[in-house]
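What follows is the residue order along each chain.
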Amino acid sequence: MVDRQGKLHRTLTGIRSVALDLEADTLHHAYRGTPALAGASVRVPAGTVTALVGESGCGKTTLLRAFNRLVQPDRGSVRVGGEDVLTLDPVSLRRRLGYVPQHGGLLPHWTVRRNVELVPRLTAMADVTGAADDALEHVGLDPGRFGDRLPSELSGGQRQRAALARALAAKQEAMLLDEPFGALDAISRGEVHDAFDRVRRDFSFTALLVTHDLAEAARLADRIAVMRVGRVEQEGTVEDLQRVPASDYVRDLFERARAAHARLGSQ
């Protein structure tokens, strides 16, 4: 057991050697003439987590996907670690950035371990299975119990933790999370939040998180960027946004969140 813990510590401390900053400047994008981004800008300093919040259709996912070139904006610039993403090979770029979509994106016919091994194999890491097992263990999934299962044999929370492990295993330098916890029940969501917190404690990594839940954003992120109709209305810490909201929309967003929390607490 001592040896296993020592191996785990040595491997995991190497998962994040460099955190990258993420920056989007004045992005515009439309789908078949319908605007999705209308001058959106956001900066995620290296080693921090920023949450994108806002109502459905405000452009959160489009902005997130601009960083790994799943969306190529019509205008504006996107930089990862100071490099314009248009100058980078999109396949290599995506291997540098962990990506967790809403439902995890695990390949259903592959075992959990093989899913987590995917990018380590593509990048020819020396100890692919060791990296996958260490990442699984770190998010609270015993590789001996869960590694050989199929995704369909996991609960929703376990699948999202496996997806988080996949975003860790290949030493990705930043993470993009597209509402990864939104479809979970409250208990499963809490478990995955705890796994995310453990990862954050141990590694200095950069993350951009899309969520519709302001309470989740306040818990998991260092900064919040409130989006509305394709642009960022205000960006700052949760305290800054509550103390000095930049618009009626931001103020109303927090008031509704406080009212919902008060109703829950009174039941």
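Residues numbered from 1 in each chain as written. Predicted model: local features only at pLDDT ≥ 70, side-chain atom pairs only at ≥ 80, totals over all residues. Heavy atoms only, no water.

## A few points about the overall build of the chain
Argument step 1. The secondary structure content of the chain amounts to eleven helices and ten strands.
Argument step 2. Taken across its 267 residues, the chain has 48% of its residues classed as buried.
Argument step 3. Considering only intrachain contacts with a sequence separation of at least 6, the fraction spanning at least 24 residues in the chain is 69%.
Argument step 4. Total accessible area on the chain stands at roughly 12600 Å², and carbon and sulfur atoms take up 49% of it. (Helix = DSSP H or I, 4+ residues; strand = E, 2+ residues; numbered from the N terminus. Buried < 20%, exposed > 50% of the residue type's maximum accessible area, 1.4 Å probe, protein only. Contact = heavy atoms within 4.5 Å. Areas by Shrake-Rupley, 256 points an atom, 1.4 Å probe, with all protein chains shown as cover.)

## Side note on the confidence of the model for the chain
Should the pLDDT be low somewhere, the predicted coordinates at that spot are not to be read in detail.
Argument step 1. When pLDDT is averaged across the chain, the result is 86; 90% of the residues are at 70 or more.
Argument step 2. pLDDT under 50 marks residues 1–17. Its contacts with residues more than four places away, or in other chains, come to 28 contacts.
Argument step 3. Here residues 263–267 is modelled with pLDDT under 50, and outside its nearest four sequence neighbours on either side it reaches zero contacts, counting other chains as well. (pLDDT = per-residue confidence, 0-100.)

## A closer look at the pairing of strand E4 (residues 75–80)
Argument step 1. With five bridges joining them, strand E1 (residues 22–31) and E4 adopt antiparallel strand pairing. The residue bridging His28 from the neighbouring strand is Arg75, located in E4.
Argument step 2. As paired strands, E4 and strand E5 (residues 83–84) are joined by two bridges and run antiparallel to one another. What sits directly across from Val80, in E5, is Glu83.
Argument step 3. In sequence, E4 turns back onto E5 through a hairpin of two residues, with Gly81 there showing a positive phi of about 60 degrees. (Pairing = 2+ DSSP bridges.)

## A closer look at helix H4 (residues 112–122)
Argument step 1. Looking at H4, one finds that the buried residues are Val112, Arg113, Asn115, Val116, Glu117, Val119 and Pro120.
Argument step 2. In this fold, the buried residues of H4 make contact with helix H3 (90–96), helix H5 (128–138), helix H6 (143–146) and helix H7 (156–169).
Argument step 3. Phi turns positive, to about 55 degrees, at Ala124, one or two residues after H4.

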